[in-house]
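# Coordinate inspection notes
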Amino acid sequence: MTQTCSRDLEKIPLNWKNYCQRFQLLLHLEELQMKTEIEKFNQDVPMFKHKSNAGLLLLQVTGVSMKSTMILSGNNVLVTPLDQTGVFKKKVYKGWIHHVDAEQVFLQFSEKFLSCFKDGMRFNLQFAINRMPMRTQHRAAELVYKNRLKEVLFPTGQFSSHRSHLHRVLELGHNLEQRTAVEHIVAASAKPAPYLVFGPPGTGKTVTLVEAIKQIVKTQPSCNILACAPSNSATDHLCEKMLEENIDNVYRFYALSFPVINIPQNIKLCCNLKQQKETLVIPSKKELMRHKIMVTSLQTAGRLVTGGIPADHYTYLIVDEAGHAAETECLIPLAGLLKPDKCQVVLAGDPKQLGPIISSRVAEKHGMGVSMLERLMNDIDLYKSHETQGFNNRFVSKLLRNYRSHPAILKIPNELFYNGELLPYANKVKCSSFCKWEHLPKKGFPLIFHGVAGTDERDDNSPSVYNMAEVEVLKEYLKALVDHFHKKGVTKIEPREIGIIAPYRKQVEKIKDALKMDKDLRKENLENVLVGSVEQFQGKEFNVTLVSTVRSNPKLTAPKQRFTIGFVDNEKRFNVAMTRARALLIVVGDPRVLKTDQIWNKFIHYCFRKGGYRGITVSDAEEDLTNLHFPILRRE
């Protein structure tokens, strides 16, 4: 079936006439794959109470991939008791997947079920997809024709205002690109075409959107704004930035399933939380329409459509982190709440960073893996950069000033993905704070590539790869960093100070284990050190970032050998991983494998030329593999 679908999809590219049918087919393929993935976890197993959270039960699982984690989270589980204790009647009980980690699934059940539960009881578990997100996206695809969104989805620019009056913005006078974007958003110069804010790493996409919202409120008091993002964390970040700017009448709308404990303190007073009962409620249509600025996730925006909010209510519809959302997710507010001639759509994001996470390879290949932002920039002439004049500012602005990283860290991603146009504007004191670190191979160059000749390993019960030699090197760097902070009088590592990125779940697990088991690291306060996949780091920044590339197998580099270096061999992942650090970037990997990839080869040679290379040497001649492991680094 999928092969037939793939052939059919290849025949005709996406266009206005096949838009709804094509995306609905892709959604069906995606749901089918998700169902297949989640049913792999159906089993007869014992369950146990969570040690510290009485409201959760847990069960042991093996071989959970990062993609499976995404699929499992938030879905349902049906359990049938296998114990003959008589405590439960022989019937099916419904639970919810609270969250998932490398080896455990955490489940939530009703209080009645939990009151009868005893540790070790056995159940038959049947995992089931929560179809509501898919149904919401199907509805959105159906509504595009009814709401006449051709000039939004396939814009020509012929209906856009050519004489828009630009309100001069003085607040961003120091940043021409941000100011230009804000002025055009406020003027709605692109309407009905979407206005795109192309924001490379650290260039202030969210700051730009918040300033635009501030100016709209100031100059157009009758306007209503809907601001969205693909994830709840990104939506909360956008909302918090608005509150920091003292923008009035901001309302954060959560789904009823959102855990109340995760609502940031400063948002609790301006959201749909019923304070007395600490529960979330769905306000009336009248109440929802009363708020000038509605902030919600793309998925939860579907609730506004269901609630009957009129299509002409919102005059601005803004999506932050739009590059991370599937097009059908972006459609949820667009297709249900947009009147094209009345509302300016704004999409902000970076098509050069990670796109949507899709389960079905066929669906991913034929459109689901490309965000609406990226499709518009790739396929629509309005959004393409002119050879001499650059982007047309009436439809798109490219932010160019990077406020995050030391120039040495920024250089390679800038050249590879942004035509060398990014300008280093990071605070010099902050981004240079590690330039004199005693363990830098070259002072003043806060970037290290540490070559390690490790070995790929896999456990029998998991397809995921890990590399213990790289774990050992990372541990030594962590100890050196902790020593550095201690000398400065810092006793506890703050959040966003250190982040460790690894492309495989098993490597993430091994690094986390090392933080708990190593006798020196165990006694340090390292709970704020985030260890995770590249996906978990999108949109975040850290003072110090360590990256483990994992793949290390000399056979991979044999002449004429066809091979893949797995997740590492992906330019968007590379870009995200290399652009999280403000002041220090440490990359650990096997140069013999990585140098076969053009992008990694450029990065490794850059580190070598600038004096930031340490570890095993790489030559074009055949290497003696017995003498490749060098001392890691000296600790005082």
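On a predicted model such as this, the values are computed, not experimentally measured, just so you know.

### So, the overall build of the protein chain
- The number of helices and strands found in the protein chain is 23 helices and 26 strands.
- Counting all 636 residues of the protein chain, 56% fall into the buried class.
- When contacts within the protein chain are restricted to residue pairs at least 6 apart in sequence, long-range pairs at least 24 apart make up 77% of them.
- Surface accessibility of the protein chain: about 29400 Å² in total, with carbon and sulfur atoms responsible for 50%.

### Thoughts on helix 18 (residues 505-517)
- For helix 18, built from 13 residues, the straight-helix expectation of 18 Å at 1.5 Å per residue is met to within 8% by its first-to-last C-alpha distance of 18 Å.
- The complete set of buried residues in helix 18 reads Arg 505, Lys 506, Gln 507, Val 508, Glu 509, Lys 510, Ile 511, Ala 514 and Leu 515.

### Comments concerning the packing of helix 7 (residues 176-187) against helix 8 (residues 205-219)
- Two elements in contact, helix 7 and helix 8, have axes whose closest approach is 9 Å; the angle formed by their N-to-C orientations is 40 degrees. By the angle class used here, helix 7 and helix 8 are oblique. Between helix 7 and helix 8 lies a crossing of right-handed hand. For the pair helix 7 and helix 8, contact is made by Gln 178, Ala 181, Val 182, Ile 185 and Val 186 and by Val 207, Thr 208, Glu 211, Ala 212, Gln 215, Ile 216 and Thr 219, respectively.
- Across the contact of helix 7 with helix 8, the residue classes tally to seven nonpolar, four polar and one charged.

### Comments concerning the nonpolar core
- Judged by nonpolar contacts, the single largest core of 155 residues is most densely connected at Met 242, Leu 347, Tyr 383 and Phe 603.
- The element best represented in this core is helix 2 (residues 19-39), accounting for seven residues.
- Setting aside residues up to four positions removed in sequence, Met 242 forms contacts with Val 210, Ile 213, Ala 227, Ile 247, Val 250, Ile 293 and Val 295.

### Some thoughts on the sheet that holds strand 9 (residues 225-229)
- A sheet is described by the order of its strands in space; here seven strands give the open sequence 10-13-9-14-15-8-16, paired in parallel fashion. The open sheet is flanked by strand 10 (250-252) and strand 16 (396-398), the only strands paired with a single partner. Taking each pair of neighbouring strands and ignoring which way they run, the sheet shows an average axis angle of 15 degrees.
- Where strand 8 (residues 195-198) meets strand 15 (residues 344-349), four bridges bridge the pair, whose relative direction is parallel. For Tyr 195, the partnering residue across the bridge sits in strand 15 and is Val 346.
- Here helix 8 sits on the sheet and contacts strand 8, strand 9, strand 13 (293-297), strand 14 (316-319) and strand 15; the angle it forms with strand 15, its principal contact strand, is near 155 degrees.

### Looking at the pairing of strand 19 (residues 447-451)
- For strand 19, a buried count of five out of five residues is recorded, marking the element as mostly surrounded by other parts of the structure.
- Residues Leu 447, Phe 449 and Gly 451 of strand 19 are buried on one face, and the alternating residues Ile 448 and His 450, pointing to the opposite face, are buried as well.
- Sheet topology note: the strand 19/strand 25 (residues 581-589) ladder contains five bridges and is parallel. Each bridged residue has a counterpart across the sheet, and for Leu 447 the counterpart in strand 25 is Leu 585.
- Of the pairings in the sheet, the one linking strand 19 to strand 26 (residues 613-615) comprises three bridges and is parallel in character. Of the residues in strand 26, the one forming a bridge with His 450 is Arg 614.

### Some details on the packing of aromatic side chains
- Under the definition given, this model contains 26 aromatic pairs.
- Arranged with centres 5.9 Å apart and planes meeting at 85 degrees, the rings of Tyr 19 and Phe 154 form a pair that is edge-to-face. Placement of Tyr 19 in helix 2 and of Phe 154 in the loop between helix 6 (150-153) and helix 7 is noted, with a sequence separation of 135 residues between them.
- Here the aromatic rings of Phe 537 and Phe 542 are separated by 5.1 Å at their centres, their planes lie at 45 degrees, and the arrangement is tilted.

### Observations regarding a nonpolar patch on the surface
- A contiguous nonpolar surface patch, about 260 Å² in accessible area, is contributed by Tyr 403, Leu 423 and Tyr 425.
- Residue position: Tyr 425 is located in the loop between strand 18 (423-424) and helix 16 (428-431).
- On the basis of relative accessibility, which here comes to 41%, the residue Tyr 425 falls in the partly exposed class.

### Brief notes about the confidence of the model for the protein chain
- Per-residue confidence for the protein chain gives a mean pLDDT of 88, with 89% of residues at or over 70.
- Low pLDDT, under 50, characterises residues 557-563; the predicted model gives this stretch seven contacts beyond four residues in sequence or across chains.
- Segment residues 620-632: pLDDT under 50, and 20 contacts once partners within four positions in sequence are set aside and those in other chains are kept.

### Considering the sheet that holds strand 26
- Reading across from one edge, 23-22-24-25-19-26 is the order of the six strands in this open sheet, with parallel pairing throughout. Bordering the open sheet on either side are strand 23 (530-532) and strand 26, each of which pairs with just one other strand. For this sheet, the mean inter-axis angle between neighbouring strands, taken without regard to orientation, is 15 degrees.
- As defined by bridge partners, strand 22 (residues 498-501) adjoins strand 23 across three bridges and the pair is classed as parallel. Along strand 23, the bridge assignment pairs Ile 500 with Val 531.
- Most of the contacts of helix 15 (residues 407-417) go to strand 25, to which it runs at about 65 degrees, and overall it touches strand 19 and strand 25.
- On top of the sheet, helix 18 reaches strand 22, strand 23 and strand 24 (542-548); it is set at about 150 degrees to strand 23, its chief contact.

### Some remarks on unusual backbone geometry
- The omega torsion of the bond from Lys 191 to Pro 192 falls at 10 degrees, within 30 degrees of zero and hence cis.
- Tracing the backbone through its elements, the reader meets Pro 192 in the loop between helix 7 and strand 8.
- The phi dihedral of Ala 188 falls on the positive side, at around 55 degrees, and the residue is not glycine.
- Checked against the element boundaries, Ala 188 lands in the loop between helix 7 and strand 8.
- Unlike most non-glycine residues, Asn 419 shows phi in positive territory, near 55 degrees.
- Asn 419 gets classed as exposed once you look at its relative accessible area, which sits at 66%.

### Quick notes on the side chain of Ser 189
- Mapped onto the fold, Ser 189 is located in the loop between helix 7 and strand 8.
- What makes Ser 189 buried here is its relative accessible area of 1%.
- Reaching out from Ser 189, the side chain makes a polar contact with the side chain of His 184 at a distance of 3.0 Å.

### Brief notes about the layout of surface pockets
- Approximately 510 Å³ is the volume found for the second largest pocket.
- Around the second largest pocket, the lining is made up of 23 residues, and of these Phe 198, Ser 385, Phe 391, Lys 398 and Glu 421 lie nearest the centre.
- Elements that contribute at least two residues to the lining of the second largest pocket include exactly helix 7, helix 14 (372-379), strand 16 and helix 15.

What counts, and at which threshold
Residues numbered from 1 in each chain as written. Predicted model: local features only at pLDDT ≥ 70, side-chain atom pairs only at ≥ 80, totals over all residues. Heavy atoms only, no water. Helix = DSSP H or I, 4+ residues; strand = E, 2+ residues; numbered from the N terminus. Buried < 20%, exposed > 50% of the residue type's maximum accessible area, 1.4 Å probe, protein only. Contact = heavy atoms within 4.5 Å. Areas by Shrake-Rupley, 256 points an atom, 1.4 Å probe, with all protein chains shown as cover. Expected span 1.5 Å × (residues − 1). Axes fitted to C-alpha atoms, helices over the stretch in contact; angles between N-to-C directions. Parallel < 35°, antiparallel > 145°, perpendicular 65-115°, else oblique. Left-handed = near helix turned anticlockwise from the far one by under 90°. Nonpolar A, V, L, I, M, F, W, Y, C, P; charged D, E, K, R; others polar. Core = buried A, V, L, I, M, F, W, Y, C linked by side-chain atoms within 4.5 Å. Pairing = 2+ DSSP bridges. Phe/Tyr/Trp six-rings, centres within 6.5 Å; stacked < 30°, edge-to-face > 60°. Patch = residues over 30% accessible without salt bridge, like charges linked within 9 Å, V, L, I, M, F, W, Y side chains within 5 Å. Salt bridge = Lys/Arg side-chain N within 4 Å of Asp/Glu carboxyl O. pLDDT = per-residue confidence, 0-100. Polar contact = N/O pair within 3.5 Å; in protein donor to acceptor, adjacent residues only side chain to side chain. 1 Å grid on protein atoms, 1.4 Å probe; cavity = no way out; pocket = protein on both sides within 12 Å on 5 of 7 lines; lining within 4 Å. Points joined across faces, edges and corners; volume = space filled by probe spheres on them.

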